[in-house]
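Structure at a glance
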Amino acid sequence: MIEILQWTTLVACAAAALSRIPNLVRKKNRSLFYIFAFLTVATLLSIKGPYLAIDDLLGNTNVANLLLRFIIFGAIYFLGIRIAKGFGDARGVRLIRGRAGTIVLGLISAALLVLFALIDTEGSSAGMMDVYAKDERNRLLVEYYGAAGRAYPAYVCLAILPAMVRAVGSTLPAMIRISALLLAIGGIDVMLSLLFPLIPPSWGYLPFIINYTAILCFVSGLALIWLAKARAHRKVPTPSGTQ
């Protein structure tokens, strides 16, 4: 089940990224391509087979996991800015791109690098599960490292969530309100990831479901916004003599 969810998410992200290439070439709405491309690579690196192959090329020390964390940071940054601007959320834009957001990103990134340097990362392991199991010291460091990796995405999602909730209850077109709902669900899923350490081992599948549901909600929500805009443009009557 988990593998099906992983590969389905990868295909959805890749298809969305490929659909944005024409606009990327035309230098139009390029941030959407970056979001989908980052999410595609992040999903690829979260799947065991590709992760092990890529990390082997990088030295077999789980550098791929560190790379994954920063790719997620990039994806969530562009995603947050795009959503906040799209819904006229000036406060959300300030919280992400302003001084507060820069400080939060800088501190979390520094913590992530320091913790990674302290962990005995020898031996590729998807999700760093084998690294986690080495000893008590590594177990604690990996938990802190994972918490740092989840903190920045949670911050960005918290910044944009109020605007999404307002949009869901607004008088905007139904498709836009549905997209806002999907984006809100994705944001809530990301924030729930902060509670992963509290999930009992018997529910180990739950973090995977939460993570991939978040990605699918983000991709679907952005796709619905694009469709709504395309439909609105088609409904605009063509002025006489311009055809």
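Here the structure is shown first, and the text comes after it.
Residues numbered from 1 in each chain as written. Predicted model: local features only at pLDDT ≥ 70, side-chain atom pairs only at ≥ 80, totals over all residues. Heavy atoms only, no water.

One way to put it is that helix H6 (residues 90-97) packs onto helix H9 (residues 136-168) with a least axis distance of 8 Å and a crossing angle of 165°. As summarised for this structure, H6 and H9 are arranged roughly antiparallel, according to the angle between their axes. You can see that H6 and H9 cross each other, and the crossing is right-handed. For the pair formed by H6 and H9, the contact residues are Arg91, Gly92, Leu95 and Ile96 on the first element and Tyr152, Tyr155, Val156, Ala159, Ile160 and Pro162 on the second. (Axes fitted to C-alpha atoms, helices over the stretch in contact; angles between N-to-C directions. Helix = DSSP H or I, 4+ residues; strand = E, 2+ residues; numbered from the N terminus. Parallel < 35°, antiparallel > 145°, perpendicular 65-115°, else oblique. Left-handed = near helix turned anticlockwise from the far one by under 90°. Contact = heavy atoms within 4.5 Å.)

In this section: the environment of glycine 221. When you line up the elements, glycine 221 lands in helix H11 (residues 206-235). A relative accessible area of 0% means that glycine 221 is categorised as buried. Dropping the residues within four chain positions of it, glycine 221 is found in contact with Ser179, Leu182 and Leu183. (Buried < 20%, exposed > 50% of the residue type's maximum accessible area, 1.4 Å probe, protein only.)

This next bit is on the environment of leucine 118. Of note, leucine 118 is situated in helix H7 (residues 99-118). Considered as a pair, leucine 118 and arginine 231 are 113 residues apart in the sequence and their alpha carbons are 52 Å apart. Leucine 118 has contacts with Arg137 and Leu141, leaving out every residue within four places of it along the chain.

Next up on the list: a nonpolar patch on the surface. A cluster of nonpolar side chains, namely Leu57, Leu58, Val63 and Leu67, defines an oily patch on the protein surface of about 360 Å² accessible area. With respect to the helices and strands, the residue valine 63 is situated in helix H5 (residues 63-86). (Patch = residues over 30% accessible without salt bridge, like charges linked within 9 Å, V, L, I, M, F, W, Y side chains within 5 Å. Areas by Shrake-Rupley, 256 points an atom, 1.4 Å probe, with all protein chains shown as cover. Salt bridge = Lys/Arg side-chain N within 4 Å of Asp/Glu carboxyl O.)

By secondary structure assignment, the location of threonine 61 is in the loop between helix H4 (48-57) and H5. A residue is classified by how much of its surface remains accessible, and threonine 61, at 21% relative accessible area, is partly exposed. In the structure, threonine 61 is positioned 61 residues away from glutamate 122 in sequence and 4.5 Å away in space, judged by C-alpha atoms. With residues near it in sequence (within four places) discarded, threonine 61 still touches Asp55, Phe116, Thr121, Glu122, Gly123 and Ser124.

This next bit is on the side chain of aspartate 89. Among the structural elements, aspartate 89 can be located in the loop between H5 and H6. Although aspartate 89 is buried, it makes no salt bridge; arginine 166 carries the closest opposite charge, 4.0 Å away. Not counting the four nearest positions on each side in its chain, aspartate 89 is found in contact with Ala84, Ala159, Ile160, Ala163 and Arg166. (Lys, Arg positive; Asp, Glu negative; His and termini not counted.)

The next thing to look at is unusual backbone geometry. In this model, asparagine 60 sits at a positive phi of 65°, which is unusual for a non-glycine residue. Structurally, asparagine 60 is set in the loop between H4 and H5. Classification of asparagine 60 by relative accessible area gives partly exposed; the value is 29%.

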